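Residues per chain, in single letters:
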Amino acid sequence: MNFLLLTVIKAALVAFILLTALAYVQWLERKVLAHIQLRVGPRRVGPHGLLQPLADVVKLITKEDMIPSHVNKVFYLLAPFLAVMFALIPIAVIPFGTDITIGPIHTNMELADLNIGVLFILGITGMGVYGVALSGWASNNKYALLGGLRSSAQMISYELPMAMAIATPLLVLNTLSFRQLVNSQDGFILGFIPRWTIFQGPFPFLIVAFIIFMIAAFAETNRIPFDLPEAENELVAGFHTEYGSMKFAAFFMAEYCNMITVCCVATLLFLGGWHPIFPAEYGSRFIPSLIFVGAAAICFMHAANPSRRLDKFTLPVVGVVALGIAGIFMVPILATALLPIFWFSAKVIVILFVYIWVRGTLPRFRYDQLMRFAWTFLFPIAIINLFLVGLWVALT
Amino acid sequence: MKYQPFEDPVATIQALQEAPASPSSPRRMTLNMGPQHPSTHGVLRIVIELEGETITEATPDIGFLHTGIEKQCEFTNWHQTTTLTDRVDYLSNIGNNLVYALTVEKLLQIEIPERAQWLRVLMAEIDRLNSHLVWLGTHALDIGAMSMFFYCFREREDILRLKEMFSGQRMMTSYIRVGGVALDAPRGWEKAVGGFIRQFPSKVDEYENLLDNNPIWKIRTQGVGHISIEDMLDLGVTGPMLRGAGIALDVRKTEPYSCYQKFDFTVPTRTENDVYARYRVRMEEMRQSARIITQAMEGMPGGPYVADAPHVVLPDREKMKTQMESLIYHFKIVTEGPRVPAGEVYQAVESPRGEIAYYIVSDGTSKPYRLHMRTPSFGNLQALPVMLRNTLIADSIAALGSMDFVLGDTDR
């Protein structure tokens, strides 16, 4: 099949799935946070607020697109574009599963199988700071300026330990391509411990690298406890104080997109990508079906005791859909294509959940403490860790 | 003196709204924080001069919430004024009711029955819990722990229900009146208060568990917001801020009112004199308040809940309809209000924020001649410029939260 056509179709598909996922990560965040905080979260638009993201998008698009008079127009308008662009590009090199074959077409589950995918992601996410810094400067607002400055310093500082942490599994697995990285994490140690990167090599060092990576990732994506650039209690809204309507939504999208990218990278580099957590002989291929059957059972149970009148009709429908998905995973032909995608998304969602959980629990660092943490604690540990792993690789 | 209008009101307002003098050095930046800013807790404007992220000068600009309550009090009779004192401090209205009632009773020299005094203590302590819970929630929210806010408001909801049960109102209760309290304790109040107070200490433990075991919370609060004891005493700072510096000044102990001397409680103090110390002091105060509430609940005496002073206290409804004398008193109190002997008095009580005191001048008529409120928020806010000098913006937020001021209380 025509390479160009295939790529266009894949790009459209990935963009569609990514943008939908973005909206629903935001829904998930609001729901989980709400339940941590004794609230119920969005509930009005659609069953359990499932159409809330759609309503938000409509609202943000139809809002008046106002440009304050005191801003530097060129950079003010450029900044959100840059932020979204550099947030969306990295997803192109991320593989979501193994190769698939549909009829005559055989294709990878990523847009581009770069042999230097990891470096590409590091490079592009490093550019992301331009959007934030420019918006802070171009807004001509003191709060925005402080937010932009904080953000630039923070993102640049945390890129170093992050790069060090990423280099560790690369040393052990000896490749820069995501696909090969995941392939070399296949199989099981002693028949039951998955050969994920964190369980490979000299024992604690790769787990340390994973933790450093996650901490740096929280800082890179400006999330609590590192959300200083937009610390609303200090800097109103930080760098996007002067932005409204879709321009604000662009920054919002960029933040969640970066979150998804970082979770994907963590899954691919450290958590074995699309490989299951225990061998297929022990029944790991039934897990997705079991989860969806469980979800269907919960739906039917709640439909029997509806808390709202509509639940009596909506929940059984959701339950039947879940049962259908469970059935799909039992079809052998489809299962081989879908299982990797399932395990990959499951791991990404678990990490996303941790992100939200942390947001509901921790207070925020102070700016100088954050920088000191990066330079005097995280960075030295990352270097020592990398050095020790390098030594181990050289010796074996 | 003849009233002189501004020559050009628009220009005057514009001059007032402009950011004050440009920064004293080109390396510095003037930042106008407020009046609408997420963490100034109301409409406080602080003009800060920054060098990088360090504050070199902070000037609070108060008065955005000035409602003229002190002046209004001169036009309402002694009973109606109670409802105005509610509006001074929306988090501690019972404390304001109490200090007003005590001040007027000092002038009237009437004896308040035991039960009314115990009910006053009970409600004042419930109110202290309410105020401290709101403080803890917003303070933690400022530092970034946003779930805390919702946990505190869960308990606050229980407290508001109790207040509604006692007085029929959730916030502006006007429960404590001159001569006693508005209503006797409702049926089943022991069960409601007991149910709440039994599980409350465990909730305080839960909050401490979330915050105290968290290294980020500690590095954000320890050693932050220091101000010398001499400065605090000079500026009139009272309450938990002073107790966090090691001075056990609590009006409930030093000049007991409303039979506080009959209750067994301690005044928690810390010596660190920082945001963390103030946090610990307030957490401990919540436990002590819970102790007082338990004692008040268990030892509540019987008897009347209003003083035997027919010229001040509204008569019983039944008596008013059957007895001529009561009807006349009722008519006099409702139409012109009770008359209070001429004189000047000063009375202080311990509000959740510090020492609140009313100074009342009466000229013997049925309205106050002058009512001055010495509010703790105003005194505590004076420490702000000293406290914020040479701190970081982020620390200023923590320090502001630890002062626990209410702008309605500051501006009156």
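Look a little higher up for the structure.
Residues numbered from 1 in each chain as written. Chains lettered and ligands numbered in written order. Predicted model: local features only at pLDDT ≥ 70, side-chain atom pairs only at ≥ 80, totals over all residues. Heavy atoms only, no water.

Caption draft 1: Layout of the overall build of chain A. Scanning chain A for helices and strands turns up 14 helices and four strands. Taking 396 residues into account, the globule formula puts the C-alpha radius of gyration at 21 Å, and chain A, at 22 Å, falls close to it. In terms of overall dimensions, chain A has a C-alpha envelope of 65 × 65 × 50 Å along the principal axes. Counting every position in chain A, which comprises 396 residues, the buried fraction comes to 48%. Working note: accessible area of chain A is about 18,400 Å², and carbon and sulfur atoms make up 75% of it. Positive and negative charge centroids in chain A, built from 24 and 19 side chains respectively, lie 8 Å apart. (Helix = DSSP H or I, 4+ residues; strand = E, 2+ residues; numbered from the N terminus. Rg over C-alpha atoms; globule rule 2.2 N^0.38 Å. Buried < 20%, exposed > 50% of the residue type's maximum accessible area, 1.4 Å probe, protein only. Areas by Shrake-Rupley, 256 points an atom, 1.4 Å probe, with all protein chains shown as cover. Lys, Arg positive; Asp, Glu negative; His and termini not counted. Charge placed at Lys NZ, Arg CZ, Asp CG, Glu CD.)

Caption draft 2: Geometry of the sheet that holds strand S2 (residues 45-51) of chain B. Residue and element names in this part refer to chain B. Strand order in the open sheet made by the four strands is S1-S2-S3-S9, with antiparallel pairing throughout. Of all strands in the sheet, those bounded by a partner on one side alone are strand S1 (29-33) and strand S9 (391-392). Bridge analysis of strand S3 (residues 54-61) against S9 gives two bridges, and the strand direction is antiparallel. Opposite Ile55, over in S9, you have Thr391 as the bridge partner. (Pairing = 2+ DSSP bridges.)

Caption draft 3: Region of interest: the sheet that holds strand S7 (residues 354-362) of chain B. Residues and elements named next belong to chain B. Across the sheet, three strands lie side by side as S6-S7-S8; this open sheet has antiparallel pairing. Each end of this open sheet is capped by a strand with a single partner; those strands are strand S6 (343-351) and strand S8 (368-374). Averaged over neighbouring strand pairs, the angle between their axes works out to 15 degrees when direction is ignored. Where S6 lies against S7, nine bridges are found, and the strand directions are antiparallel. Along S7, the bridge assignment pairs Glu350 with Glu355. Against the sheet, helix H4 (residues 93-108) engages S6, S7 and S8, with an angle of about 150 degrees to S6. (Axes fitted to C-alpha atoms, helices over the stretch in contact; angles between N-to-C directions. Contact = heavy atoms within 4.5 Å.)

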